[in-house]
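Observations on the three-dimensional arrangement
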Amino acid sequence: MAASGAGGPVDDAKSGKAPVAQRIDPSREKLTPAQLQFMRQVQLAQWQKTLPQRRTRNIVTGLGIGALVLAIYGYTFYSVSQERFLDELEDEAKAARARALARASGP
């Protein structure tokens, strides 16, 4: 005999809690076509319920990845332009050294 508070259906109804649904494997258990149709309807309803959230998350993820790609692309352009700038500075430094050597050895 079950002790009081064992969580039976009568106890759950009194406490206001609904019984927990059990997972059913349709491949193992023989279900009627009506039960299978009901399962499909419930799955479709759950899928439609979560679709807007999933769509929003997918859009945010796509925008985040796109922003990351654009940032890497922009940084690449920036670093290449910095290299060219440093090359120009190096060329100017060589020219300045050559002028200094020419002045030092000239007069």
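Quantities reported herein were computed from a predicted structural model and do not represent experimental measurements.

Here we look at the packing of aromatic side chains
- Scanning all chains against the criterion turns up one aromatic pair.
- Plain terms: the ring middles of Tyr-73 and Phe-77 are 4.9 Å apart, the flat faces sit at 75 degrees to each other, and that makes the pair edge-to-face. Of this pair, Tyr-73 and Phe-77 both sit in helix H2 (residues 33-105), four residues apart, which is roughly one turn of that helix. Residues Tyr-73 and Phe-77 agree in their burial class; the two are exposed.

As for the UniProt feature "transmembrane region" (unreviewed entry) in the chain
- In the UniProt entry, the feature "transmembrane region" (unreviewed entry) is given for residues 59-78.
- As annotated, residues 59-78 comprises 100% helix and 0% strand, and the C-alpha atoms at either end are separated by 28 Å.

Quick notes on the layout of surface pockets
- Empty space within the largest pocket amounts to approximately 430 Å³.
- Around the largest pocket, the lining residues are Ala-21, Gln-22, Arg-23, Ile-24, Leu-31, Gln-35, Phe-38, Met-39, Val-42, Gln-43 and Gln-46.

Digging into a negative patch on the surface
- A cluster of acidic residues, Glu-83, Asp-87, Glu-88, Asp-91 and Glu-92, forms a negative patch at the surface.
- Tracing the sequence through the fold places Asp-87 in helix H2.
- Looking at Asp-87, the relative accessible area reads 44%, which means it is partly exposed.

With respect to H2
- Taking 1.5 Å as the rise per residue, H2 with 73 residues should run 108 Å; its terminal C-alpha atoms sit 103 Å apart, in good agreement.
- Its maximal kink placed at Leu-51, H2 deviates by approximately 40 degrees, while the proline Pro-52 follows within four residues.

Describing the confidence of the model for the chain
- Mean pLDDT over the chain: 82, with 83% of residues reaching 70 or higher.
- Throughout residues 1-5 the model reports pLDDT below 50, and contacts reaching past four residues in sequence, or to other chains, amount to two contacts.

Some remarks on a nonpolar patch on the surface
- Judged by side-chain polarity, Phe-85, Leu-86 and Leu-89 come together as a nonpolar surface patch covering roughly 290 Å² of accessible area.
- Mapped onto the elements, Phe-85 comes out in helix H2.
- The exposure class of Phe-85 is partly exposed, given its relative accessible area of 43%.

What counts, and where the lines are drawn
- Residues numbered from 1 in each chain as written.
- Predicted model: local features only at pLDDT ≥ 70, side-chain atom pairs only at ≥ 80, totals over all residues.
- Heavy atoms only, no water.
- Phe/Tyr/Trp six-rings, centres within 6.5 Å; stacked < 30°, edge-to-face > 60°.
- Helix = DSSP H or I, 4+ residues; strand = E, 2+ residues; numbered from the N terminus.
- Buried < 20%, exposed > 50% of the residue type's maximum accessible area, 1.4 Å probe, protein only.
- UniProt positions renumbered as here; feature names shortened; annotations may be inferred.
- 1 Å grid on protein atoms, 1.4 Å probe; cavity = no way out; pocket = protein on both sides within 12 Å on 5 of 7 lines; lining within 4 Å.
- Points joined across faces, edges and corners; volume = space filled by probe spheres on them.
- Patch = residues over 30% accessible without salt bridge, like charges linked within 9 Å, V, L, I, M, F, W, Y side chains within 5 Å.
- Areas by Shrake-Rupley, 256 points an atom, 1.4 Å probe, with all protein chains shown as cover.
- Salt bridge = Lys/Arg side-chain N within 4 Å of Asp/Glu carboxyl O.
- Lys, Arg positive; Asp, Glu negative; His and termini not counted.
- Charge placed at Lys NZ, Arg CZ, Asp CG, Glu CD.
- Expected span 1.5 Å × (residues − 1).
- Bend = angle between axes of the 7 residues up to and from the residue.
- pLDDT = per-residue confidence, 0-100.
- Contact = heavy atoms within 4.5 Å.

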